[in-house]
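What follows is each chain in one-letter form.
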Amino acid sequence: MNHHKQSPFKVLFVCLGNICRSPAAQGVMQQLVDEKGLTDRFFIDSAGTSGYHNGDLPDRRMRVHARQRGYELTHRSRRVEGSDFEQFHMIVAMDNANAADLRRMAATPQEASKIVMMGDYIRLMRNHYDYVPDPYYEGSEGFELVLDLLEDACDNLLTHILSSEDTPHRV
Ligand code: 4NP
């Protein structure tokens, strides 16, 4: 067991607006990490590929549905920036459009290799969802679905990070 102080493993969740899916993923993952006593070993953040909602709190509907499950979402929306590809060890895209935008932003193949798909970690309703669908134009069931998928995928992603031999930066 290594008891030396280590720098945190940094995970960035990314969607389009950074007001629905990715701040919810950030909240779910932060709570999982805290529950497991791993708070000091992780830095969890989120950002959007667009700057449409810069500075905004998460969408009110997302905050209401998240709060019902015990997550307080207080993140302020920001756009992904070039330095994120240097800062973070893992950049998690919610859907294929997010991943394509991120790949265009990566400065090097090494930076691009940090991009992973949230859908790859979804086990729930696996035959139906290999991405996290944008709930922005949906009703409340869209927000509940997003939270169901994120709770499942974050648990699986954390397990993967903690056990992976090929994690870019061992936790
Ligand atoms: P998100 O949802 O990408 O999950 O934050 C969206 C929020 C806002 C917009 C699109 C998606 N928008 O076009 O304003």
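Everything discussed here concerns the structure shown above.
This is a predicted model, so every value here is computed, not measured.

Enquirer: Just to check I follow, could you spell out the packing of aromatic side chains for this structure?
Expert: For any pair of aromatic rings, the description consists of the separation of the ring centres together with the inter-plane angle of the planes. Enumeration according to the criterion identifies 4 aromatic pairs in this entry. Ring centres of Tyr-136 and Tyr-137 lie 5.0 Å apart, and the angle between their planes is 90°; on these two criteria the pair is classed as edge-to-face. Tyr-136 sits in the partly exposed class, given a relative accessible area of 30%. Above the face of the Tyr-136 ring, Arg-61 is positioned so that its terminal group lies 5.5 Å from the ring centre.

Enquirer: What exactly am I supposed to notice about the packing of helix α1 (residues 21-35) against helix α6 (residues 140-163) here?
Expert: Helices that pack against each other are described as a pair by the angle of their axes relative to one another and the distance between those axes. In contact at an axis separation of 9 Å, α1 and α6 are set at 50° when each is read in the N-to-C sense. Relative to α6, the element α1 lies oblique. By crossing handedness, the relation of α1 to α6 is classed as right-handed. Contacts between α1 and α6 involve Arg-21, Ala-24, Ala-25, Val-28, Met-29, Leu-32 and Val-33 from the first element and Val-146, Leu-147, Leu-150, Glu-151, Cys-154, Asp-155, Leu-157, Leu-158 and Ile-161 from the second. A per-class count over the contact of α1 with α6 returns 13 nonpolar, no polar and 3 charged.

Enquirer: Is there a simple way to think about helix α4 (residues 96-105) in this case?
Expert: Given 3.6 residues per turn, any residue in an α-helix points the same way as the ones three and four places further on. If you check which residues of α4 are buried, you get Asn-98, Ala-99 and Leu-102. Summarising the axial view, the buried residues of α4 lie within an arc of 95°, below the 170-degree limit, and thus occupy one face. Residues of α4 that are exposed and point more than 90 degrees away from the buried face comprise Asn-96 and Arg-104. Where α4 is buried, its residues meet β1 (9-15), α1, α3 (84-87), β3 (90-93) and β4 (115-117).

Enquirer: What is the right way to read the side chain of His-53 from this model?
Expert: Relative to the helices and strands, His-53 resides in the loop between β2 (42-48) and α2 (60-68). On the basis of relative accessible area, His-53 is assigned to the buried category, the value being 18%. Beyond its immediate stretch of four places on either side in the chain, His-53 contacts Gly-17, Ile-19, Ser-77 and Tyr-136.

Enquirer: How should the site of the ligand be read in this particular structure?
Expert: Neighbouring the ligand are Cys-15, Leu-16, Gly-17, Asn-18, Ile-19, Cys-20, Arg-21, Tyr-52, His-53, Asp-134 and Tyr-136. Separating an oxygen atom of the ligand from a backbone N or O atom of Gly-17 is a distance of 2.9 Å. At 3.0 Å from an oxygen atom of the ligand is found a main-chain nitrogen or oxygen belonging to Ile-19. Burial of the ligand by the protein amounts to 92% of the accessible area it has alone, namely 360 Å². Here the residues of the shell around the ligand are counted per class, giving 6 nonpolar, 3 polar and 2 charged.

Enquirer: How should I be thinking about the packing of α2 against α6 in this particular structure?
Expert: The N-to-C vectors of α2 and α6 enclose an angle of 55°; their axes lie 10 Å apart at closest approach. Comparing their axes, α6 and α2 come out oblique. Of the two possible hands of crossing, α2 and α6 adopt the one that is right-handed. Here Arg-61, Met-62, His-65, Ala-66 and Gln-68 of α2 come into contact with α6, specifically with Ser-140, Phe-143, Glu-144 and Leu-147. Residues that form the contact of α2 with α6 fall into these classes: 4 nonpolar, 3 polar and 2 charged.

Conventions adopted
- Residues numbered from 1 in each chain as written.
- Predicted model: local features only at pLDDT ≥ 70, side-chain atom pairs only at ≥ 80, totals over all residues.
- Heavy atoms only, no water.
- Phe/Tyr/Trp six-rings, centres within 6.5 Å; stacked < 30°, edge-to-face > 60°.
- Buried < 20%, exposed > 50% of the residue type's maximum accessible area, 1.4 Å probe, protein only.
- Lys NZ or Arg CZ within 6 Å of the ring centre and 35° of its normal.
- Axes fitted to C-alpha atoms, helices over the stretch in contact; angles between N-to-C directions.
- Helix = DSSP H or I, 4+ residues; strand = E, 2+ residues; numbered from the N terminus.
- Parallel < 35°, antiparallel > 145°, perpendicular 65-115°, else oblique.
- Left-handed = near helix turned anticlockwise from the far one by under 90°.
- Contact = heavy atoms within 4.5 Å.
- Nonpolar A, V, L, I, M, F, W, Y, C, P; charged D, E, K, R; others polar.
- Arc of directions from axis to C-beta.
- Near = heavy atom within 4 Å.
- Polar contact = N/O pair within 3.5 Å; in protein donor to acceptor, adjacent residues only side chain to side chain.
- Areas by Shrake-Rupley, 256 points an atom, 1.4 Å probe, with all protein chains shown as cover.

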